[in-house]
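So the chains spell out like this:
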Amino acid sequence: MKNLYKVGICGMLLLSLSCTEDFEEINTNPNSPEAIGPQFLLSNVISVAADENTYDQGFRLANYLAQFAASVEFERIDRYEMGSNAQYWNQNFRLLNDIKSIQTNPATNEAYNAVADIMKCYLFSQLTDMWGDIPYSEALKASDGLYSPKYDTQEFVYTNPEIGILATLKKASETLASTTNGIQGDMMFNNDLVKWRRFANSLRFRYLLRISKRLTNFSEMQALVDQNDMMQGNSDNAVVPYLASAPNQWPMSQSALGLYQEHRMTLTVDSVLKAWNDPRQAVLYKPTQQSVINGNPQFKGLQNGLNRETINERGIQLNDISLFGAVFRDVPNGVDGQFMQYAELQFALAEAVARGYIQGDMKAYYEKGVRASFAYWKVPVPVDYFQRVNVSLDTGDALTKILTQKWLALINNGHEAWFNVRRTGIPALKPGPDNLNEGRYPVRYLYPESEQAVNKSNYDEAAARMGGDNINSKVWWEK
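Residues numbered from 1 in each chain as written. Predicted model: local features only at pLDDT ≥ 70, side-chain atom pairs only at ≥ 80, totals over all residues. Heavy atoms only, no water.

(A) The arrangement of the overall build of the protein chain in detail. Of regular secondary structure, the protein chain possesses 20 helices and 6 strands. The C-alpha atoms of the protein chain give 23 Å as radius of gyration, which agrees with the globular expectation for 479 residues (23 Å, within 12%). The principal-axis extent of the C-alpha atoms belonging to the protein chain is close to 75 × 50 × 45 Å. Residues counted as buried form 58% of the 479 residues belonging to the protein chain. In the protein chain, the proportion of contacts linking residues at least 24 apart, taken out of those at least 6 apart, comes to 74%. Accessible area of the protein chain: about 19200 Å², with a carbon and sulfur share of 50%. In the protein chain, 45 positive and 53 negative side-chain charges are present, and the distance between their average locations comes to 6 Å. (Helix = DSSP H or I, 4+ residues; strand = E, 2+ residues; numbered from the N terminus. Rg over C-alpha atoms; globule rule 2.2 N^0.38 Å. Buried < 20%, exposed > 50% of the residue type's maximum accessible area, 1.4 Å probe, protein only. Contact = heavy atoms within 4.5 Å. Areas by Shrake-Rupley, 256 points an atom, 1.4 Å probe, with all protein chains shown as cover. Lys, Arg positive; Asp, Glu negative; His and termini not counted. Charge placed at Lys NZ, Arg CZ, Asp CG, Glu CD.)

Have a look at this one:
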């Protein structure tokens, strides 16, 4: 989907962006300046953000942190060598600049502005949840001569009543409820503003739950429930389909075989799925090659955080460890680029009821979430599934069951499962024996090195405020 920008912008239009060297200088008419329509900028933001969240940030990175994937040799993030993930920081700020261009475009309208605000909130939430304090109120002002923006606290980013994420999403939803304008270029919801409004409200609930440890008043959560204007089903999922043909195929289907084979089923997810006797296992993972050869297909996970020497010392045969399922490799359109699914929302509602934040039917929300996840993966729900001891909310710790089902439903959805594990401690993920973080579970990435070089005073202030620029410094909503 990253190529959509080139295909849609360079191939379909002759615009002032330099798709070829010196294009702008040669082709610009100074008496009639051309501008990129907001619909093309919106297409680019949606497609690139979805692809980045799901592939590089989801499959290749976060699936290790959330222990959906275990590495067999090369992916040192499985051992918590985190680094800065500067590529994602820079990508998000580039997309945020595209959003600014949408909102200042002569052809824009209030519907584009509202949708752009929703995407802006999503991108800034990614930045603050992965790094903590970030440039926010002074970000994107290089054109005004501000090249060293201050870092705002995460509390400010989320809760400022004028420009914070929660306030901005609320305003965007209200605008979409009243506007008579429309949009184009939306491959996620096909320009349906009702679905965008539901997405905005669902994101608000996600983020209110994210910061719930810091809240004392949960009336905004209850108001969202009472309004009943969040996602209504899987048809409202904020996902962008990959296509069967180039150039918009699921990238892992086109990548080197060795990269795919580096991602193995984990002992963590194996134990959970077997405890549930869950048929989603056969979609998310493959039986081991050795068990198939032996005529007795079985799934088997690998412990996270092992180096190659430990794997060899333990005599672990990699052909007897499960790979990810066919939808992640053999089918170029087997998965979607993801932002948020209805299943996540239902589990969030169930958790909020369990914690006493809202009124509602915890079991009904939970079962809707499970059914939505099964339906998303096109797997029938077993008739007795909700009566099983390890699934039923009538026995054992209901909150742990809700959050573990939510964790599974977030597989491959960027870092969202990692955010939830950091917030709740469920499931209780343990660092592997060869981890590089002294046995601690990491809670953030390092700030990009470029920030230390070009924005040092603001970087130093933010790092000191957070307790140091290291992967164990908790962000505001975790403390």
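That was the structure; now back to the text.
(B) Just the side chain of Ser 373, in detail. Position of Ser 373 relative to the elements: it lies in helix H16 (residues 362–376). Exposure remark for Ser 373: the relative accessible area of 2% places this residue in the buried category. In contact with Ser 373, other than residues within four places in its own chain, are Arg 280, Ala 343 and Ala 409.

(C) Representation of the packing of helix H15 (residues 342–354) against helix H17 (residues 398–409) in the model. One can describe the packing of H15 onto H17 by two numbers: an axis separation of 9 Å at closest approach and a directional angle of 160°. In terms of axis orientation, H15 runs roughly antiparallel to H17. Judged by the twist between their axes, the crossing of H15 over H17 is left-handed. For the pair H15 and H17, contact is made by Ala 343, Glu 344, Phe 347, Ala 348, Ala 350, Glu 351 and Ala 354 and by Leu 399, Ile 402, Leu 403, Gln 405, Lys 406 and Ala 409, respectively. (Axes fitted to C-alpha atoms, helices over the stretch in contact; angles between N-to-C directions. Parallel < 35°, antiparallel > 145°, perpendicular 65-115°, else oblique. Left-handed = near helix turned anticlockwise from the far one by under 90°.)

(D) Spatial organisation of the side chain of Asn 237. Relative to the helices and strands, Asn 237 resides in the loop between helix H9 (219–227) and strand E4 (238–241). At 2.7 Å, the side chain of Asn 237 forms a polar contact with the backbone nitrogen of Tyr 342. With near-sequence residues (within four places) excluded, Asn 237 lies in contact with Phe 189, Met 231, Met 340, Gln 341, Tyr 342 and Tyr 376. (Polar contact = N/O pair within 3.5 Å; in protein donor to acceptor, adjacent residues only side chain to side chain.)

(E) Structural view of the pattern of salt bridges. Under the criterion given, the structure shown has 27 salt bridges. Measuring nitrogen to oxygen at the nearest pair gives 2.7 Å for the salt bridge that ties Lys 170 to Glu 174. Separated by 4 residues within a single helix, Lys 170 and Glu 174 lie in helix H7 (residues 165–178), roughly one turn from each other. For Lys 170, a relative accessible area of 36% gives the class partly exposed. We classify Glu 174 as partly exposed; its relative accessible area is 44%. Notably, a salt bridge pairs Glu 438 with Arg 440, separated by 3.0 Å at the nearest N-O pair. For Glu 438, a relative accessible area of 69% gives the class exposed. Three or more residues are tied together by salt bridges with common partners; here these are Asp 129, Arg 206, Arg 210, Glu 344 and Glu 416. (Salt bridge = Lys/Arg side-chain N within 4 Å of Asp/Glu carboxyl O.)

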